[in-house]
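The lines below spell out each chain.
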Amino acid sequence: MTLRRMTRRLTYVFAALLLSAALAAAPGIARADDGFLSAVDDMPLMPGLAETGDGGIAFDKPTGRIVRAVATGDVSEKGVRAFYNGTLPQLGWEREKKLELIGDLMVFRREGERLEIQIVPEGTAHTEVRFSIEPD
């Protein structure tokens, strides 16, 4: 990993920690156990979501990392979209709407990586969220 990439990654981690602290301090917002996906140190986990352990895979390859994670919770699809649309750009992720070919998919890019977030409603207030990161 180059020094430039490591510096950017540390910057993103720092920003994510600041965001997590702000969420924890906000009145009326429940915070996830540690605030981040276990396999991705700079990917915030929306309050109300908890990782299921299903599909949790992380590989670090010379060409980039491959991560799969799943979280569920009593949150709305609209709430998930709003949270990640508001949070991820602060961490350097840019949304790629033109790649979102199905309605429940959000696609972001950052530093040669592609993040896909698939939102699967499981009722009126329960939602499964699938995260996938891979080299772009």
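Given the structure is predicted, the values throughout are model-derived calculations rather than measurements. (Residues numbered from 1 in each chain as written. Predicted model: local features only at pLDDT ≥ 70, side-chain atom pairs only at ≥ 80, totals over all residues. Heavy atoms only, no water.)

As for the overall build of the chain
Scanning the chain from N- to C-terminus turns up 2 helices and 7 strands. Ordering the α and β elements of the chain from the N terminus gives α-β-β-β-α-β-β-β-β. When burial is assessed residue by residue, the chain has 40% of its 136 residues classed as buried. Counted over contacts in the chain with a minimum sequence separation of 6, partners at least 24 positions apart contribute 47%. About 7,400 Å² of surface is accessible on the chain, with carbon and sulfur atoms providing 57% of the total. (Helix = DSSP H or I, 4+ residues; strand = E, 2+ residues; numbered from the N terminus. Buried < 20%, exposed > 50% of the residue type's maximum accessible area, 1.4 Å probe, protein only. Contact = heavy atoms within 4.5 Å. Areas by Shrake-Rupley, 256 points an atom, 1.4 Å probe, with all protein chains shown as cover.)

Looking at helix α2 (residues 77-87)
Every buried residue belonging to α2 is among Val80, Arg81, Phe83, Tyr84 and Thr87, and all of these are buried. Projected down its long axis, α2 carries its buried residues within an arc of 165 degrees, all on one side. Turned more than 90 degrees off the buried face of α2, the exposed positions are Lys78 and Ala82. (Arc of directions from axis to C-beta.)

Some words on the packing of aromatic side chains
Tallied over the full model, the rule gives 2 aromatic pairs. Geometrically, the ring pair formed by Phe83 and Tyr84 is edge-to-face, given 4.8 Å between the ring centres and 90 degrees between the ring planes. Here Phe83 matches Tyr84 in class, with each residue buried. When the ring of Tyr84 is compared with that of Phe131, the centres are 5.6 Å apart and the planes differ by 70 degrees; the resulting orientation is edge-to-face. Of this pair, Tyr84 sits in helix α2 while Phe131 sits in strand β7 (residues 127-135), placing them 47 residues apart in sequence. (Phe/Tyr/Trp six-rings, centres within 6.5 Å; stacked < 30°, edge-to-face > 60°.)

Quick look at the side chain of Ser132
Note that Ser132 resides in strand β7. Residue Ser132 is classed as buried on the basis of its relative accessible area, which comes to 13%. Not counting residues up to four positions away in its chain, the partners in contact with Ser132 are Val67, Arg68, Arg114, Leu115 and Glu116.

So, the pattern of salt bridges
Counting across every chain of the model gives 9 salt bridges. Put simply, Arg81 and Glu77 hold a salt bridge, and the shortest N to O gap is 3.8 Å. In this pair, Arg81 and Glu77 are both assigned in helix α2, 4 residues apart and thus about one turn of the helix distant. When its relative accessible area of 28% is taken as the criterion, Glu77 is described as partly exposed. Between Glu128 and Arg130 there is a salt bridge; the shortest N-O distance is 2.6 Å. Arg130 sits in the partly exposed class, given a relative accessible area of 34%. (Salt bridge = Lys/Arg side-chain N within 4 Å of Asp/Glu carboxyl O.)

Overview of the nonpolar core
Of all hydrophobic cores here, the largest spans 24 residues; its most connected members are Met43, Leu49, Tyr84, Leu88, Leu115, Ile117 and Phe131. Residues within four places of Leu88 in sequence aside, it is in contact with Met43, Pro44, Trp93, Phe108, Leu115 and Ile117. (Core = buried A, V, L, I, M, F, W, Y, C linked by side-chain atoms within 4.5 Å.)

Scope: geometric values only; no functional claims are made or implied.
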